[in-house]
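Secondary and tertiary structure notes
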2 protein chains.
Amino acid sequence: MVSWKNFDTLASYEKLMALKDRVNLVEVMSGENGAKRVAEYCVPMACDMKYNFAAKAVDDDILAVLQELADEAQLTEKYAELYNGAVINTGEKRLVLHQLCRGQQGGDVIADGVNKREFYTGQQKKAADFANKVHAGEITNAAGEKFTTVVQIGIGGSDLGPRALYIALENWAKRYGKQKMEARFISNVDPDDAAAVLKSVDVAHSLFIVVSKSGTTLETLTNESFVRDALKNAGVDPSKHMLAVTSETSPLAKSADYLEAFFMDDYIGGRYSSSSCVGAVVLSLAFGPEVFAAIMDGAAESDALAKDPDIRKNAALLDALIGVYERNVCGYLCTAVLPYSQALSRFPAHLQQLDMESNGKSVNRFGEPVNYVTGPVIFGEPGTNGQHSFYQLLHQGTNIVPMQFIGFNDSQIGMDVVIQGSTSQKKLCANVAAQIMAFACGKADENPNKAFAGGRPSSIIAGKDLNPKSLGALLAHFENKVMFQGFVWNVNSFDQEGVQLGKLLAKRVLAHDTDGALKAYADMFEI
Amino acid sequence: MVSWKNFDTLASYEKLMALKDRVNLVEVMSGENGAKRVAEYCVPMACDMKYNFAAKAVDDDILAVLQELADEAQLTEKYAELYNGAVINTGEKRLVLHQLCRGQQGGDVIADGVNKREFYTGQQKKAADFANKVHAGEITNAAGEKFTTVVQIGIGGSDLGPRALYIALENWAKRYGKQKMEARFISNVDPDDAAAVLKSVDVAHSLFIVVSKSGTTLETLTNESFVRDALKNAGVDPSKHMLAVTSETSPLAKSADYLEAFFMDDYIGGRYSSSSCVGAVVLSLAFGPEVFAAIMDGAAESDALAKDPDIRKNAALLDALIGVYERNVCGYLCTAVLPYSQALSRFPAHLQQLDMESNGKSVNRFGEPVNYVTGPVIFGEPGTNGQHSFYQLLHQGTNIVPMQFIGFNDSQIGMDVVIQGSTSQKKLCANVAAQIMAFACGKADENPNKAFAGGRPSSIIAGKDLNPKSLGALLAHFENKVMFQGFVWNVNSFDQEGVQLGKLLAKRVLAHDTDGALKAYADMFEI
């Protein structure tokens, strides 16, 4: 049996806290020792990617204690509990099963009388069959014409993950003839969001996917109505253009208002739901079911590697533990995620939700306040863009912000140009290599304004190219990293009670049931 | 004469540091006292907007010391130095004149033998005349057909600001018939960025603006070559489709390779350059010169208000000082910028550069290390999207992240739908009001997992609608805020030495002039 204990009650906690400021990155990354670190501080990942942590401020002694922590906190045993169907989401008393969408890491999980992997893959198959029929012209609009566009209506996890994945593969798909339909996304309750997307698509040839597990998400229902109105105004029958992704018990599940409904359940949280029908329907329609299946295969590879109790063989586990070291021992608040790949332009926004909504908690899994800091603030933009923006603070600001780089040897589209003796892609890669070293080692200068202190830690995930499989592997790597960190902090990474109060107060404002400052703010906006 | 002193040498510094944890936000924002604060803690801004700071953890005593600080640090006097043409950018020995693009706040500024306002407005006029001719079909492609699309090629400040402004007004312009041309942006050296944009436009009907002050920015030159190749391959003469925005001394300035060149100078830094031809050319082409002029008018209104030494009448100054209080007294590292407007989706990315590149410094304006923290980490996404993402951590995480909300009474496009008794726009506004109060006051609950501690400070900038003028006012508000903070911290907010080392090392990688860890990373990417 695993034992759920607060981080600061573990023997390894005290040991780890004693290892602050132990590694001088400038020193260890200089000279041939630095090259040795790059060779040795490297863990293989799924899809031939690697996690290189040479430029993190750790050494073998710290790694040994991190291994002790992993063992003492039973991190991989807890992971096994999760994939074998324990009630890991304690607050909501739910299993946590997103990994079953992509593989079977443990035994069969039977819940509510159903084999859950069969349920999830059954829904994926339903999405695949539906997509194939749409692509084949067997499911068409009323005029018998093919659908060309799919629009996802959802918010939070129903938007950020699927959107990030779509953007990540759009150019790859165009290159390899896999783009079956254009995809668009409507999320914000701001009516300008839906209006702008509707103006940009041909509604008569568009399918709209309404994604809401409960069938009650206010933003999504509002945007659905917005779209229904637009369809009616265009003389189009909404029920022939709208799909639902929802739970079987939701009001959307068996309604004649939808051409088809695809099901999810309470055991997959929004921010983990790209692997469920939340991602399957839109991505299968956009790129074809086999592309979605490849994403799942890559994710399953990551999930399998995450079982290894050896931190030097388990990139997600090690990434998590180094993050804990930086957060709790070094006291760093933020982590910057910096993909050197334009295709990953919205991946940091997905990770921002994944990480901050999972581990931005002040109570443990039993609802008791904890006495240590938990999840970091996540932000990021693609390189090299970020270099010409906020990197100034990362290099020379008064606070240290740990960084997580991601880079690939090859571009996605394959078009390139040689300028000053190198391709754009080589320049991109040269920049990420240069930044890692600039951050780690800095540079002395007589003029303090031109001096770089160095000592700014980073890791890099490096791969050959960004394709459906490696993308799936990345997705799962970060999910598993966040899960392991939640285990260390003993928090429930799978609920989000912090979103409730705002919803409640917004309802009161709309019902004119306010007083004091809330009324004053409502008056400011003439509500 | 103004006197440039480090923050911690001021008498008001000690006074301010003694005022930590003085205000209990939960208490002061509750009941009728809260409503009173909302009414009183409010400063008018340009374009009928207002800066409301009721939900910031300040009181009259703190405000009094912030006023003392403003006076002692001579913040508005320093601003006057700036707009009157002093060498504010000490490191690079340059004037700082972006405000002259939009108005004359002080006396004539003569530099390099030129009246600088005349120079900037002359270039804006040149951009306006050029745009008018393009729109009138007097300047066309070789086939005599009108240009329909403009593509900006630039990175950092040549991209983020103009792109954010374009996105902010695209739907407004469509509604009011002001959209003259579609605009796209190429920034990243990742070849997938340029390739994807080129695939999405009709190059034969596109104008390309190459934006580089020095004419040597590697990313931009590389992307320019990429585009030139594509034009040639399409049988199009690049010199009839490409414009340059550059300095008069740059290699791009007088080249026959460009249809026209527009000039900027060294006195406007990249992140402040939206008001110069960096923004003027692309925005005048996209929306017409009068829209760009309206942005400038709104900005000039903000610039004029920023002169007032009274912090209760100068929103930029007060916003800056409250930020300093939060950064240096409370010790908060981050600020989240949260616009409740989908149109401002990329405004936080612009502010991230503006703020972090300006004040992410560890040395003062004389190049001496400072002993206090400087610029914050800035991140943000539009609401209500963020509510379903990272707000969990903002509400219940272990660290406090101050927030800056922005909201408008009216939507831009004007299409809306009534659901459950209210429009989408009302729901959007109700949410921002609700969030401010949820963050400030929290909610007690027997179950700590459902409890909200509150005490999470925020301000809001509220306006009637987002149009060219109010957008310009917002742009300038934040520029002036960042400037005032830089004055308090005594840093040079107008250089960016922190970007140099990475450039240098990247060149060495591409020249194969590496050893040690840098060589190892280069090898990882097979450079």
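Glancing now at the overall build of chain A. Assigned secondary structure in chain A consists of 18 helices and 15 strands. Along the first, second and third principal axes, the C-alpha atoms of chain A reach 70 × 60 × 55 Å. Split into buried and exposed, the 527 residues of chain A put 65% on the buried side.

All names here are of chain A. Taking burial as the measure, the five residues of strand β5 (residues 149–153) include five buried ones, the bulk of the element. Burial along β5 is two-sided: Thr 149, Val 151 and Ile 153 facing one way and Val 150 and Gln 152 facing the other are all buried. Of the strand pairs in this sheet, β5 and strand β6 (residues 182–186) are connected by five bridges, and their pairing is parallel. Within β6, the position partnered with Val 151 by the bridge is Arg 184. As judged from the five bridges shared by β5 and strand β7 (residues 206–211), these two strands associate in the parallel manner. Of the residues in β7, the one forming a bridge with Thr 149 is Ser 206.

Let us now look at the sheet that holds strand β12 (residues 403–408) of chain B. All names here are of chain B. Ordered in space as β1-β2-β15-β12-β10-β11, the six strands form an open sheet in which the pairing is mixed. Two strands bound the open sheet, and with one partner strand each, they are β1 (42–44) and β11 (377–379). Direction aside, the axes of adjacent strands within the sheet are offset by 15° on average. Two strands pair when backbone bridges link them, and strand β10 (residues 334–340) and β12 are joined in this way by five bridges, in the parallel orientation.

When chain B is brought onto chain A, the operation consists of a screw motion whose angular component is 180° and whose axial shift is 0.0 Å, with 0.0 Å RMSD remaining. Both copies are brought into coincidence by an operation consistent with a two-fold rotation axis. Residue B:Phe379, judged by its C-alpha, is the member of chain B lying nearest the rotation axis, at 3.2 Å. Both copies contact each other with a shared surface, as 100% of the interface residues of chain B are interface residues in chain A too.

Right, let's get into the interface of chain B and chain A. Taken together, the contact between chain B and chain A spans 125 residues of the former and 126 residues of the latter. It is helix α15 (residues 424–441) of chain B that contributes the most residues to the side of chain B that touches chain A, 14 residues altogether. Split by residue class, the side of chain B that touches chain A holds 59 nonpolar, 45 polar and 21 charged.

What follows covers the domain arrangement of chain A. What the domain assignment reports for chain A is domain 1 (7–96 + 297–496), domain 2 (109–294) and domain 3 (497–527). Centre-to-centre separation of domain 2 of chain A and domain 3 of chain A, based on C-alpha positions: 31 Å.

A separate point is the environment of B:Ala194. All names here are of chain B. Locating Ala 194 in the fold gives a position in helix α8 (residues 191–200). Residue class for Ala 194 comes out buried when judged on the 30 C-beta atoms lying within 10 Å of it. Separated by 33 residues in sequence, Ala 194 and Val 227 place their C-alpha atoms 7.5 Å apart.

Quick notes on the rules
Residues numbered from 1 in each chain as written. Chains lettered and ligands numbered in written order. Predicted model: local features only at pLDDT ≥ 70, side-chain atom pairs only at ≥ 80, totals over all residues. Helix = DSSP H or I, 4+ residues; strand = E, 2+ residues; numbered from the N terminus. Buried ≥ 20, exposed ≤ 12 C-beta atoms within 10 Å, placed from the backbone. Pairing = 2+ DSSP bridges. Axes fitted to C-alpha atoms, helices over the stretch in contact; angles between N-to-C directions. Least-squares fit on C-alpha atoms with pLDDT ≥ 70 in both. Contact = placed C-beta atoms within 7 Å. Nonpolar A, V, L, I, M, F, W, Y, C, P; charged D, E, K, R; others polar. Domains from an automatic or database assignment.

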